[in-house]
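# Residue-level structural notes
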There are 2 protein chains.
Amino acid sequence: MTARRSFARLPRERRVGDILDAARSVFAEHGYENAGMSTIAEQAGVVEGTIYKYFANKRDLLNQVLSRWYEGMVADQNDQLAGIVGTRSRLRFVIWRHLKTIATEPALCRVFFLEVRAAGEYHASDLHVLNRGYTRAAVAILREGIATGEVRPDIPVRLVRDIIYGTIEHHTWDYVCGRGGLHVEELADDLTRVVLSGIGSRCEAEPGTADRLERVADRLETLMARAGRDGGASS
Amino acid sequence: MTARRSFARLPRERRVGDILDAARSVFAEHGYENAGMSTIAEQAGVVEGTIYKYFANKRDLLNQVLSRWYEGMVADQNDQLAGIVGTRSRLRFVIWRHLKTIATEPALCRVFFLEVRAAGEYHASDLHVLNRGYTRAAVAILREGIATGEVRPDIPVRLVRDIIYGTIEHHTWDYVCGRGGLHVEELADDLTRVVLSGIGSRCEAEPGTADRLERVADRLETLMARAGRDGGASS
DNA sequence: GCAGCTAATGAATGAAGCTCAACAGCGGTC
DNA sequence: GACCGCTGTTGAGCTTCATTCATTAGCTGC
């Protein structure tokens, strides 16, 4: 990690790896704008020009740093998700996993949220594809939930996906900027609950409540009627 | 608007206004990074140095452009909101209003979403205060809803606020980047509905449930009234 | 051990934000 | 109405930083 001008011809893989490691650490520490190519070069033990042998420009370097990071995350998430059943549990896991990532790597997340989508070429980039792969899990869970009847069939699936990721991004912004804490478990619970049940009070009744109450009323009416007959007969 | 070197000593207000107008248009067209101070200066009919007489630096200029824009929006929103009653309607209005702003000024919104929070000084800036004033409306509506019983009292109010603004920001990103359309009315309906009712099927509590419950209550009241009369007469 | 290939260098380039010493219009004073 | 100081305005120049490129030097095949 410490800077040392090597002037050794390393295998391409190793050089690229060194540069990506250095770039990741410098981007995380200083953000995109304030990260200098010279700093990255120094930390990677090369000279600025060398970086341009392997990366087209600063933005490309950032994209590749984040791509490498993302690839691991997507694979990891899908592995773990395979062992979880039930719409609620699976949805909570996806939410919890995302929050956990933010809690663990706030600095890199900050760069991702801020800088990646800034580039006009985002839609053509690897990162866009990876991001879709990552959020696809949530969409799949919702579709399964609809199939099993745990989720209403008329909900706009993509909007709900955006509710999950948009809310988390918005809510964790202060933490990501180094302000305040992040209560991962509590937040995961709250968001899962609100997404599944909404905030309205009218939804608290289980289905069938009206039926049951009507039967209760029937029984009371029957009782009253009988009481009325008895009372009438005795008087 | 066309560039003309004036060398006239304009009143401070007018100069500042010219520069802000030019900056707004250039930032909207090119984004922050690709907007040149020289371009802004040219369009404002001054020389680069003049801008630094009134604004500390490029970022400060952007902040003031957005502050001026925001101030109008906040006042406007609160005015219109004053004429709307009912939690559902008020919540939908806030959502609709935000979407409408994005639909009308996607370029400025893009700059705001991307750049403003990038600065470390965001938390100390006017914009942060304005933003809190803007989103406070949603929080107030939720608290009123809890008071009137239309909203469950145990919901995390600030999380719901972030659901509203985070979801909108996330969902409209493609549109804001110039890709695809934006169906404001449909989106406002969907988001309002999901926030109020959630996505879970147990909440389906068939339409008409409330009516039926009220009829049950009517029947019970009738029974009680009759029981009271009969009981009183027989004793 | 030589030749050729190319990774690696580092000084040079150019663009963009920002500074500053000098200039010019304006208002007040005698 | 001429002088004087004040300050808005200028534009050349400084600095920083990404990016380039001619040159150098380690590796590999012959």
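Residues numbered from 1 in each chain as written. Chains lettered and ligands numbered in written order. Predicted model: local features only at pLDDT ≥ 70, side-chain atom pairs only at ≥ 80, totals over all residues. Heavy atoms only, no water.

### Structural notes on the nonpolar core
- Counting residues in each nonpolar core, the largest one holds 137 residues, and the members touching the most others are Ile40, Ile51 and Leu61 of chain A together with Ile40, Ile51 and Leu61 of chain B.
- With residues up to four places along the chain from it excluded, the contact list for Ile40 of chain A reads Ile19, Ala22, Ala23, Val26, Phe27, Ile51 and Leu61 of chain A. (Core = buried A, V, L, I, M, F, W, Y, C linked by side-chain atoms within 4.5 Å. Buried < 20%, exposed > 50% of the residue type's maximum accessible area, 1.4 Å probe, protein only. Contact = heavy atoms within 4.5 Å.)

### Let's talk about the side chain of His128 of chain A
Residues and elements named next belong to chain A.
- Here His128 is to be found in helix H7 (residues 126–148).
- Overall, the relative accessible area of 14% leaves His128 in the buried class.
- Contact partners of His128, with chain neighbours within four places excluded, come to Tyr122 and His123. (Helix = DSSP H or I, 4+ residues; strand = E, 2+ residues; numbered from the N terminus.)

### Here we look at the protein's contact with DNA strand C
- The environment of DNA strand C is formed by 22 residues, the closest being Arg15, Thr50, Lys53 and Tyr54 of chain A together with Lys58 of chain B.
- Contact between DNA strand C and Arg9 of chain B: a base nitrogen at 3.0 Å from a side-chain N or O atom of the residue.
- The contact in question runs from a phosphate oxygen of DNA strand C to an N or O atom on the backbone of Ala35 of chain B, over 3.0 Å.
- For the surface near DNA strand C, the elements supplying multiple residues, two or more each, are helix H3 (48–54) of chain A together with helix H3 (48–54) of chain B.
- The greatest single-element share of the surface near DNA strand C, amounting to four residues, is contributed by H3 of chain A. (Near = heavy atom within 4 Å. Polar contact = N/O pair within 3.5 Å; in protein donor to acceptor, adjacent residues only side chain to side chain.)

### Structural notes on a positive patch on the surface
All names here are of chain A.
- On the surface, Arg132, Arg136, Arg143 and Arg158 cluster together into a positively charged patch.
- The element that contributes the greatest number of residues to the positive patch is H7, accounting for three residues.
- With respect to the secondary-structure elements, Arg158 resides in helix H8 (residues 157–171).
- For Arg158, a relative accessible area of 48% gives the class partly exposed. (Patch = residues over 30% accessible without salt bridge, like charges linked within 9 Å, V, L, I, M, F, W, Y side chains within 5 Å. Areas by Shrake-Rupley, 256 points an atom, 1.4 Å probe, with all protein chains shown as cover. Salt bridge = Lys/Arg side-chain N within 4 Å of Asp/Glu carboxyl O. Lys, Arg positive; Asp, Glu negative; His and termini not counted. Charge placed at Lys NZ, Arg CZ, Asp CG, Glu CD.)

### Quick notes on a nonpolar patch on the surface
- On the surface, Val216, Leu220 and Leu223 of chain A cluster together to form a nonpolar patch covering roughly 230 Å² of accessible area.
- Looking at the secondary structure, you find Leu223 of chain A in helix H11 (residues 209–234).

### Brief notes about the domain arrangement of chain A
All names here are of chain A.
- Domains assigned within chain A are domain 1 (8–55) and domain 2 (64–230).
- On a C-alpha basis, the centres of domain 1 and domain 2 stand 37 Å from each other.
- Regarding the contact of domain 1 and domain 2, the summed buried area is about 890 Å², with carbon and sulfur atoms giving 66% of it.
- Summed over the shared surface of domain 1 and domain 2, the number is two salt bridges.
- A salt bridge links Glu105 to Arg24; the shortest N-O distance between them is 2.5 Å.
- Put simply, domain 1 and domain 2 have two residue pairs in polar contact (both at pLDDT 80 or more) between them.
- Here the residues of the side of domain 1 that touches domain 2 are counted per class, giving six nonpolar, two polar and two charged. (Domains from an automatic or database assignment. Buried area = accessible area lost by both parts, 1.4 Å probe. Nonpolar A, V, L, I, M, F, W, Y, C, P; charged D, E, K, R; others polar.)

### Regarding the protein's contact with DNA strand D
- Neighbouring DNA strand D are 22 residues, the closest being Met37 and Lys58 of chain A together with Arg15, Thr50 and Tyr54 of chain B.
- Backbone atoms, meaning sugar plus phosphate, form 67% of the atoms of DNA strand D positioned within 4 Å of the protein.
- A distance of 2.8 Å separates a phosphate oxygen of DNA strand D from a polar backbone atom of Met37 of chain A.
- Tyr54 of chain B places a side-chain nitrogen or oxygen 2.7 Å from a phosphate oxygen of DNA strand D.
- Elements represented by at least two residues in the surface near DNA strand D include exactly H3 of chain A together with H3 of chain B.
- Its residues assigned to classes, the surface near DNA strand D comprises 10 nonpolar, five polar and seven charged.

### Looking at helix H1 (residues 12–30) of chain B
All names here are of chain B.
- For H1, spanning 19 residues, the distance from its first C-alpha to its last is 27 Å, which sits close to the expected 27 Å at 1.5 Å a residue.
- Structurally, H1 contributes buried residues whose contacts are with helix H2 (37–44), H3, helix H4 (58–81) and helix H6 (106–115).
- Gly31 sits one or two positions beyond H1 and adopts a positive phi of about 80°. (Expected span 1.5 Å × (residues − 1).)

### Notes on the packing of H1 of chain B against H2 of chain B
All names here are of chain B.
- Orientation of H1 relative to H2, taken along the N-to-C sense of each, is 130°, at an axis distance of 8 Å. Taken together, the axes of H1 and H2 lie oblique to each other. Between H1 and H2 lies a crossing of right-handed hand. Across from Asp18, Ile19, Ala22, Ala23, Ser25, Val26 and Phe27 in H1, the residues of H2 making contact are Thr39, Ile40, Gln43 and Ala44.
- Its residues assigned to classes, the contact of H1 with H2 shows seven nonpolar, three polar and one charged. (Axes fitted to C-alpha atoms, helices over the stretch in contact; angles between N-to-C directions. Parallel < 35°, antiparallel > 145°, perpendicular 65-115°, else oblique. Left-handed = near helix turned anticlockwise from the far one by under 90°.)

### Structural notes on the side chain of Arg161 of chain A
Residue and element names in this part refer to chain A.
- Looking at where Arg161 falls in the secondary structure, it is placed in helix H8.
- Given a relative accessible area of 13%, Arg161 falls into the buried group.
- Separated by 3.3 Å, the side chains of Arg161 and Asp162 make a polar contact.
- When neighbours within four sequence positions are excluded, Arg161 is seen to be in contact with Arg132, Thr135, Val139 and Leu142.

### Observations concerning the packing of aromatic side chains
Residue and element names in this part refer to chain B.
- Counted under the stated rule, the structure contains 14 aromatic pairs over all chains.
- Centroid distance Tyr70 to Phe112: 5.2 Å. Interplanar angle 45°. Geometry classified as tilted. Separated by 42 residues along the polypeptide, Tyr70 in helix H4 and Phe112 in helix H6 bring together distant segments of the chain. Considered together, Tyr70 and Phe112 belong to a single accessibility category, that of buried residues.
- For the pair Tyr70 and Tyr134, a centre-to-centre distance of 5.7 Å together with 85° between the ring planes defines the contact as edge-to-face. Here Tyr70 is found in helix H4, whereas its partner Tyr134 is found in helix H7 (residues 126–148), with 64 residues between them in sequence. The same class applies to Tyr70 as to Tyr134, namely buried.
- Above the plane of the ring of Tyr32 lies Lys58, whose end atom (NZ or CZ) is 4.6 Å from the centre.
- A cation over an aromatic ring shows up here: Arg59 above the ring of Tyr32, its NZ or CZ 4.5 Å from the ring centre. (Phe/Tyr/Trp six-rings, centres within 6.5 Å; stacked < 30°, edge-to-face > 60°. Lys NZ or Arg CZ within 6 Å of the ring centre and 35° of its normal.)

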